[in-house]
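Commentary on secondary and tertiary structure
Next come the chains, spelled out residue by residue.
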Amino acid sequence: MTRLDADAPAVVAASAPPVEAHQSKRRRAILFAALSVALVGFALVSAGMGQLQIAPGEVWNSLLRGLGLSDAPAAAPHVDSALWTIRFPRIVAAILIGAALAVAGTMMQAVFANPLAEPGVVGVSSGAALGAAVTIVFGLTATSDWVTAGVSFVAGLATTMIVYLASRSGGRTEVVTLVLTGIAVNAFAAGGLALLTFLGDTASREEIVFWQLGSLNGSRWQEIAVIAPLVIVSLVVAFGLARQLDLFSLGERGARHLGVHVERVRIVSIVVVALLTCAAVAFAGIISFVGLIVPHLMRMVIGPSHRGLIAASALGGAVLLLVADLVARTAVPMADLPIGMLTSLVGGPFFFWLLRRQRRSAGGWR
């Protein structure tokens, strides 16, 4: 049963049976509780594992000491230094970047009404990678450690704006044109990366390849201070758009009829996606599949309502990247695997399984 609420901006609301609504709330509560526990648990485990093994209790005590809530001495020398200088920044970076990529994917899928949409569609990742490669090959990194991150961030934003402006016609954004333009820009960026890889020396080539595969190695608090405000502000804006994104499922005409300024919501959403993705890519390189898989998993559990879906995706993305980084650090002794490689190796087959499962149960993506 559907009715139109004439008092508020026109909204379509469907009444659900009380039992079904109760089950939905229960699933949502269980999911958020499980993700929260997993996030804290994996953060403690990740902080304690590595070349220097630290017990979870000592990790917790070090956290309290760092926050000024405990004066208990460390159980071993250099524990606090290792945790606060190396591991805690890396854990926080994984949480922020995982949340950013997952929420960016959620918004892309909503705006394009396409479950295959992800941040790379608008060329932001490839543009950022091209910008980073330019700094590496031409030796611009010698001037500052921040050059690669800064140039990649600006290049990612610029690429997104180029794709967006090229897809506008008559004051409106054509979704199909935007996607096709993104494909063309991605192809151009791939060619540019190949050329720069060919022109660079051996060290530059290795750095470009490793940067393209993604890594959280060397994360610092100074980088967190840049990433955190961008991610937090973008998440606040995303939550503010949740109601309008719900109505996008009705199509542009239906959403517009119900009072949604479709073009304005799409512009803001694309800017938010660009900020979230650039903040992640600039400091961690390209990390694939997080923005594609996590929204699907969360949607399967709690449904399509974006207010809960955005929050669940943020938590799910944080947990996923935290686990992936833990594996990257510990799977091979004395080595740090590229985290983007791991997410692609696991994400590709897993997404194929999701696709097959959805086709069997519902005949395709809905």
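Presented here is a report on the structure given in the accompanying data block. Predicted, not measured: the structure shown is a model, and the values here were computed from it.

Time to look at a positive patch on the surface. There is a patch of like positive charges on the surface, built from Arg356, Arg357, Arg359 and Arg360. Inspection of the secondary structure puts Arg357 in helix H14 (residues 339-362). With a relative accessible area of 35%, Arg357 lands in the partly exposed category.

A few words on the nonpolar core. Ranked by internal contacts, the top residues of the largest apolar core, which has 79 residues, are Ile97, Val103, Met107 and Ile287. By residue number, the principal contributor to this core is helix H3 (residues 79-112), which donates 19 residues. In this structure, Ala129, Ala132, Trp211 and Val281 belong to the second largest nonpolar core, which totals 13 residues.

Below, the discussion takes up a nonpolar patch on the surface. Among the surface-exposed residues, Met161, Leu165, Ile267 and Val271 lie close enough to one another that they form a single nonpolar patch of about 310 Å² accessible area. Listing elements by their share of the nonpolar patch, those giving two or more residues are helix H5 (147-166) and helix H11 (262-284). Looking at where Met161 falls in the secondary structure, it is placed in helix H5.

It is worth spelling out the packing of H3 against H11 at this point. Close contact between H3 and H11 brings their axes to 9 Å; oriented N to C, the two are set at 150°. With respect to each other, H3 and H11 are oriented roughly antiparallel. Here H3 and H11 pass one another in a crossing that is left-handed. Where H3 abuts H11, its residues Ile97, Ala100, Leu101, Val103, Ala104, Met107, Met108 and Val111 lie against Arg266, Ser269, Val272, Val273, Leu276, Thr277, Ala280 and Ala284. Here the residues of the contact of H3 with H11 sort into 13 nonpolar, two polar and one charged.

About the criteria used
All residue numbers refer to positions counted from 1 along the written sequence of the respective chain. Note on the predicted model: pLDDT of at least 70 is required for a residue's local features to be given, and 80 or more for side-chain atom pairs to be given and counted; whole-chain, interface and lining totals, by contrast, use all residues. Side-chain measures were taken over the full set of non-hydrogen atoms in the model, leaving aside hydrogen atoms and water. Here a patch means residues that are over 30% exposed by relative accessible area and free of salt bridges, tied together within 9 Å if like-charged and within 5 Å if nonpolar (Val, Leu, Ile, Met, Phe, Trp, Tyr). Accessible surface is estimated by sampling points in the Shrake-Rupley manner with a 1.4 Å probe; for residues, cover comes only from the protein chains shown. A pair is scored as a salt bridge if a Lys or Arg side-chain nitrogen falls within 4 Å of a carboxyl oxygen belonging to Asp or Glu. Charged-residue counts in this description rest on Lys and Arg as positive and Asp and Glu as negative, His and the chain ends being excluded. To locate a charge, take NZ of a lysine, CZ of an arginine, CG of an aspartate or CD of a glutamate. Here a helix means four or more residues in a row that DSSP labels H or I, a strand means two or more in a row labelled E, and each is numbered from the N terminus. Only protein chains enter the calculation, and the probe is 1.4 Å; a residue is then buried if its accessible area is under 20% of its type maximum, exposed if over 50%, and partly exposed in between. What we call a nonpolar core is a set of buried Ala, Val, Leu, Ile, Met, Phe, Trp, Tyr and Cys residues that are connected through their side-chain atoms within 4.5 Å. Axes, fitted as lines to C-alpha atoms, cover a helix only where it is in contact. Angles between the N-to-C directions of the axes lie from 0 to 180 degrees. For this classification, under 35 degrees means roughly parallel, over 145 means roughly antiparallel, 65 to 115 means roughly perpendicular, and everything else is oblique. Definitions for this section: a left-handed crossing has its near helix turned counterclockwise from the far helix by less than a right angle. A right-handed crossing has that turn clockwise. For this analysis, residues touch if any pair of their heavy atoms sits within 4.5 Å. Note on residue categories: nonpolar means Ala, Val, Leu, Ile, Met, Phe, Trp, Tyr, Cys or Pro, charged means Asp, Glu, Lys or Arg, and polar means any other residue, Gly included.

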